[in-house]
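Tertiary structure, described
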Amino acid sequence: ALALAVLPFVLAAAGTTWVRITNLAILFMLLSLGLNIVVGLAGLLDLGYIAFYAVGAYVYALLASPQFDIHLPFWAILPLGAVVACIFGVLLGAPTLKLRGDYLAIVTLGFGEIVRIFLNNLSQPVNITRGPQGIAGIDPVRLAGVDFAKTDALFGLTVSGPIKYYYFLLVVLVLIIILNLRLQDSRIGRAWEAIREVEVAPRAMGINTRNMKLLAFAMGASFGGIAGGMFSAIQGFISPESFILTESVMVLAMVVLGGMGNIWGVILGAILLSFVPEIL
């Protein structure tokens, strides 16, 4: 805990860039934990997971930017982004429940690309997303009178915006980890693992496998929506190019590298694939 507390100041000594990279790594941890529910626990191969990330990001951007001159508070938009992403997860899961393996992967891949292309073209005839130009001027996080985009002095230390976001993201990550651990040990988590291994067995035991799969899609999508909202707030600008297929593949690689269904392994996979390329 002490190491995590002093980490951003140590990184800031080498440059603010490393603090920003750490923040993005935490966002990828959140995405990996969400995808771990779908792929690692329920065994449903999803190659379009980045679409839920995009949904959460655009919900925040549209409701906290000059685009429609709406500036709702952060604490109100973030849960809304999670709910909208959850709805999209159900919309994806409902028609694809009978698909498995490569067929499911192809459908989810197509869903991810459809969302990106949809966002890229939703500038005409009504300009909603500004298309490839993206949405700029997105409001930063403001909580309890603290503006996370501004640099402040605290106890003789210079606390920049990225450092503030680091602590905020760290708190969210801890809460999501606790939720994942509780979820994995619950009846729902054990049902997902049973479906992943042999779907016929849990169905014979009276488990509604259809609803459990839908719940996995919905829960995983909601985590992606939360991460997307925070990404919008941190970056202050988003465009469809931030949500390409490569990002979905990267998140899936983090889950596979860490070990599907292993929460701590997934976090380690996200750390490795976030920092090693930057170091190299």
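Residues numbered from 1 in each chain as written. Predicted model: local features only at pLDDT ≥ 70, side-chain atom pairs only at ≥ 80, totals over all residues. Heavy atoms only, no water.

**Considering the overall build of the protein chain**
- When helices and strands are counted, the protein chain shows 11 helices and eight strands.
- Computed over its C-alpha atoms, the radius of gyration of the protein chain comes to 19 Å, within 12% of the 19 Å expected for a compact globule of 280 residues.
- With the C-alpha coordinates aligned to their principal axes, the bounding extent of the protein chain is approximately 65 × 50 × 35 Å.
- The burial tally for the protein chain puts 50% of its 280 residues in the buried class.
- The long-range fraction of contacts in the protein chain, counting pairs at least 24 apart against all pairs at least 6 apart in sequence, stands at 73%.
- Per element, the accessible surface of the protein chain, about 13300 Å² overall, is 69% carbon and sulfur.
- Looking at the protein chain, you have 15 positive and 14 negative side-chain charges, and the mean spots of the two groups are 8 Å apart. (Helix = DSSP H or I, 4+ residues; strand = E, 2+ residues; numbered from the N terminus. Rg over C-alpha atoms; globule rule 2.2 N^0.38 Å. Buried < 20%, exposed > 50% of the residue type's maximum accessible area, 1.4 Å probe, protein only. Contact = heavy atoms within 4.5 Å. Areas by Shrake-Rupley, 256 points an atom, 1.4 Å probe, with all protein chains shown as cover. Lys, Arg positive; Asp, Glu negative; His and termini not counted. Charge placed at Lys NZ, Arg CZ, Asp CG, Glu CD.)

**Comments concerning the nonpolar core**
- Leu27 and Met230 are the most contacted members of the largest nonpolar core, which totals 79 residues.
- Ranked by residue count, the leading element in this core is helix α3 (residues 50-63), at 13 residues.
- If sequence neighbours within four positions are ignored, Leu27 has contacts with Tyr53, Leu169, Ala227, Met230, Phe231 and Ile234. (Core = buried A, V, L, I, M, F, W, Y, C linked by side-chain atoms within 4.5 Å.)

**Examining helix α2 (residues 16-41)**
- For α2, built from 26 residues, the straight-helix expectation of 38 Å at 1.5 Å per residue is met to within 8% by its first-to-last C-alpha distance of 36 Å.
- Helix geometry: α2 is bent most strongly at Leu35, by close to 40 degrees.
- The buried count for α2 comes to 21 of 26 residues, which makes it a mostly enclosed element.
- Backbone geometry just downstream of α2 places Gly43 in the positive-phi region, at approximately 75 degrees. (Expected span 1.5 Å × (residues − 1). Bend = angle between axes of the 7 residues up to and from the residue.)

**As for the pattern of salt bridges**
- Scanning the model with the defined rule gives six salt bridges in all.
- Between Glu113 and Arg116 there is a salt bridge whose closest N-O contact spans 3.0 Å. Residue Glu113 and its partner Arg116 are both found in helix α5 (residues 101-121); the two are separated by three residues, about one turn of the helix.
- According to the relative accessible area criterion, Arg116 is buried, its value standing at 17%.
- For Glu199, the salt bridge goes to Lys213, with nearest N and O atoms at 3.0 Å. Taken as a pair, Glu199 in the loop between α7 (187-197) and α8 (200-204) and Lys213 in helix α9 (residues 209-235) lie far apart in primary sequence, 14 residues in all.
- Look at the salt bridges and you will find they share partners, linking Arg100, Glu199, Arg203 and Lys213 into a network. (Salt bridge = Lys/Arg side-chain N within 4 Å of Asp/Glu carboxyl O.)

**Description of the confidence of the model for the protein chain**
- This prediction gives the protein chain a mean pLDDT of 90; 99% of its residues lie at or above 70.
- Of all the helices and strands in the protein chain, strand β6 (residues 152-154) carries the lowest mean pLDDT, 71, while α3 carries the highest, 94. (pLDDT = per-residue confidence, 0-100.)

**Digging into the packing of aromatic side chains**
- Within the structure shown, the criterion is met by 11 aromatic pairs.
- Connected via pairs of aromatic rings, a cluster forms that spans Tyr60, Phe74, Phe148, Tyr165 and Phe168. (Phe/Tyr/Trp six-rings, centres within 6.5 Å; stacked < 30°, edge-to-face > 60°.)

**Section: the packing of helix α6 (residues 161-184) against helix α11 (residues 263-279)**
- Where α6 meets α11, the axes come as close as 10 Å, and the angle between the chain directions of the two elements is 145 degrees. Seen from α6, the contacting residues are Ile177, Asn180, Leu181 and Gln184; seen from α11, they are Ile263, Trp264 and Ile267.
- Here the contact of α6 with α11 is built from residues that sort into five nonpolar, two polar and no charged. (Axes fitted to C-alpha atoms, helices over the stretch in contact; angles between N-to-C directions. Nonpolar A, V, L, I, M, F, W, Y, C, P; charged D, E, K, R; others polar.)

**Description of the side chain of Ser65**
- Within the element layout of this structure, Ser65 appears in strand β1 (residues 64-65).
- Side-chain polar atoms of Ser65 contact the backbone oxygen of Ala61, separated by 2.5 Å.
- When near neighbours in sequence (up to four residues on either side) are disregarded, Ser65 contacts Ile70, His71, Ile135, Ala136, Gly137, Ile138 and Asp139. (Polar contact = N/O pair within 3.5 Å; in protein donor to acceptor, adjacent residues only side chain to side chain.)

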